[in-house]
Amino acid sequence: MAQKTLPRLEINGLEKTYSTSGKGRKKVLNGISMTLTPGLYGILGPNGAGKSTLIGIITGGLIPDAGQVLWNGRSARGIQFRRILGYAPQQQSLYANYTGRKFLAYLAALKEIPRKNAASEVSRVAEAVNLEKELDKRLAAYSGGMKQRLLVASALLGDPKLLILDEPTAGLDPKERVRLRNLLSEMAKERIILVATHVVSDVETVANQVILLRSGQVVDIAPVPTLIERYAPGKGLEDVYLRIFGEEDGK
Ligand SMILES: Nc1ncnc2c1ncn2[C@@H]1O[C@H](COP(=O)(O)OP(=O)(O)OP(=O)(O)O)[C@@H](O)[C@H]1O
Ligand SMILES: [Mg+2]
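Residues numbered from 1 in each chain as written. Chains lettered and ligands numbered in written order. Predicted model: local features only at pLDDT ≥ 70, side-chain atom pairs only at ≥ 80, totals over all residues.

K.L.:
Teacher, can you tell me more about the overall build of the protein chain here?
P.N.:
For the protein chain, the count of helices and strands is nine helices and 10 strands. For a compact globule of 251 residues, the expected C-alpha radius of gyration is about 18 Å, and the protein chain comes in at 18 Å, within 12% of that figure. Across its three principal directions, the C-alpha atoms of the protein chain cover 55 × 50 × 40 Å. Within the protein chain, the fraction of its 251 residues that count as buried is 37%. Contacts in the protein chain between residues at least 24 apart in sequence constitute 68% of all its contacts with a sequence separation of at least 6. (Helix = DSSP H or I, 4+ residues; strand = E, 2+ residues; numbered from the N terminus. Rg over C-alpha atoms; globule rule 2.2 N^0.38 Å. Buried ≥ 20, exposed ≤ 12 C-beta atoms within 10 Å, placed from the backbone. Contact = placed C-beta atoms within 7 Å.)

K.L.:
Explanation requested: the site of ligand 1 in the structure shown.
P.N.:
Taken together, 15 residues surround ligand 1, and among them Y18, N47, K51, S52 and T53 come closest. The set of elements that each furnish at least two residues to the shell around ligand 1 consists of strand 1 (9-20) and helix 1 (51-58). It is helix 1 that provides the largest number of residues to the shell around ligand 1, a total of three residues. (Near = placed C-beta within 6 Å.)

K.L.:
Teacher, can you tell me more about the sheet that holds strand 5 (residues 74-75) here?
P.N.:
Either a parallel or an antiparallel arrangement is found when strands of a sheet pair, and the pairing is made through backbone hydrogen bonds. An order of 2-1-4-5 is seen for the four strands of this open sheet, with the pairing classed as antiparallel. Edge positions in the sheet fall to strand 2 (24-36) and strand 5, since each has one partner strand and no second. One ladder, built from five bridges, connects strand 1 with strand 4 (residues 66-71); its direction is antiparallel. Bridging across to strand 4, E15 finds its partner in A66. Contacts from helix 1 reach strand 1, strand 2 and strand 4 within the one sheet, and its direction differs from that of strand 1 by about 120°. (Pairing = 2+ DSSP bridges. Axes fitted to C-alpha atoms, helices over the stretch in contact; angles between N-to-C directions.)

K.L.:
Looking at this structure, how should I read the sheet that holds strand 7 (residues 162-166)?
P.N.:
Read across the sheet, six strands follow the order 6-7-8-3-9-10 without closing on themselves; strand pairing throughout is mixed. Each end of this open sheet is capped by a strand with a single partner; those strands are strand 6 (85-88) and strand 10 (217-222). Each adjacent strand pair in this sheet contributes to an overall mean axis angle of 15°, direction not counted. Of the pairings in the sheet, the one linking strand 3 (residues 39-44) to strand 8 (residues 192-197) comprises six bridges and is parallel in character.

K.L.:
Please explain helix 1 as it appears in this structure.
P.N.:
Each full turn of the α-helix corresponds to 3.6 residues, which orients residues three or four apart in the same direction. For helix 1, the tally of buried residues reaches eight of eight residues, placing the bulk of the element in the interior. For helix 1, the set of buried residues is K51, S52, T53, L54, I55, G56, I57 and I58. In the stretch just after helix 1, G60 is the one whose phi turns positive, near 90°.

K.L.:
Quick question: what am I supposed to make of the pairing of strand 10 here?
P.N.:
On a regular strand, one side chain projects to one face of the sheet and the next to the other, so that they alternate. Relative to strand 10, strand 9 (residues 209-214) runs antiparallel, the two being bridged by five bridges. In the sheet register, I211 faces strand 10, and the bridge partner there is I221. Counting the residues between successive antiparallel strands, the hairpin from strand 9 to strand 10 contains two residues, one of them, S215, with a positive phi of roughly 45°.

K.L.:
What am I meant to see in the environment of G61 here?
P.N.:
For G61, the position within the fold is in the loop between helix 1 and strand 4. Classification of G61 by C-beta neighbours within 10 Å gives exposed; the count is 11. C-alpha of G61 to C-alpha of N47: the two residues are 14 residues apart in sequence and 20 Å apart in space.

K.L.:
What's the story with helix 4 (residues 115-128) in this structure? I'm lost.
P.N.:
Taking 1.5 Å of rise per residue, 14 residues should cover 20 Å, and helix 4 covers 20 Å from first to last C-alpha, within 8% of that figure. Taken as a whole, helix 4 has its buried residues at V122, V125 and A126. Residues of helix 4 that are buried sit in contact with helix 3 (100-110) and helix 5 (144-156). At the C-terminal side of helix 4, N130 shows a positive phi close to 65°. (Expected span 1.5 Å × (residues − 1).)

K.L.:
Which parts of the structure should I look at to understand the nonpolar core?
P.N.:
Side chains that are nonpolar tend, in soluble globular proteins, to be buried together. Ranked by internal contacts, the top residues of the largest apolar core, which has 65 residues, are L104, V152, A153, I193 and V195. Once residues within four sequence positions are removed from consideration, A153 is found in contact with L104, V125, A126, A128, V129 and L131. (Core = buried A, V, L, I, M, F, W, Y, C linked by C-beta atoms within 7 Å.)

In structure tokens, the structure reads:
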């Protein structure tokens, strides 16, 4: 019997250069390639390593200078790709006057979720991040962690096959951090989930693979036990991080 082919995200030779204040140009992605199938992937790297730039290119907001992103073998562009993508950017200003419910309903409409399903879908994603009781408050009254969880909830709308979260645990208290970690771990059984972070504990116990990114280059991609064996035998992922990134910053 023919096996159903797994969803696949391929990243081939991505390069990106920014011009810096008129003077020079700075290469922030320097030939990134990887292939992802369902599972939870952590992108770990210091500030400025290029995590958000890589995510910006995958999600279509940034154009690479070279290379390509393929979803199931086809260019990851256009409406078909947007339908399977859920994305929570690192920073986003939210409409202070909206309630949480209105914000999610608005994004559900942008995602073309049919009207008849929208209300239940909004409840479903709010419940996933433990915000169902806060949905009728205005966002101006949300705490930082509540806003962050709302952003994650918005990325879950429409049950995307590819979920990309940029620093999703920023500002979350330990209870909500663990809750999100468990949610992502459960979801990753059937989906491709990519999480950028510099919080080692966000990915150490749940990531199927960790992508170590430094100065726009992939240092290594491997399961946590393999990375520990390679870089810090008998220790933990934090020691791997320190061994590879040490005191340097990502630039
Ligand atoms: N629009 C831009 N113009 C010029 N330089 C930029 C721009 N965006 C990012 N950079 C630079 O590109 C490099 C990579 O930035 P990026 O935001 O991708 O890093 P990051 O790994 O996400 O860092 P962080 O952990 O701080 O979120 C940094 O040196 C940054 O200063
Ligand atoms: Mg970033």
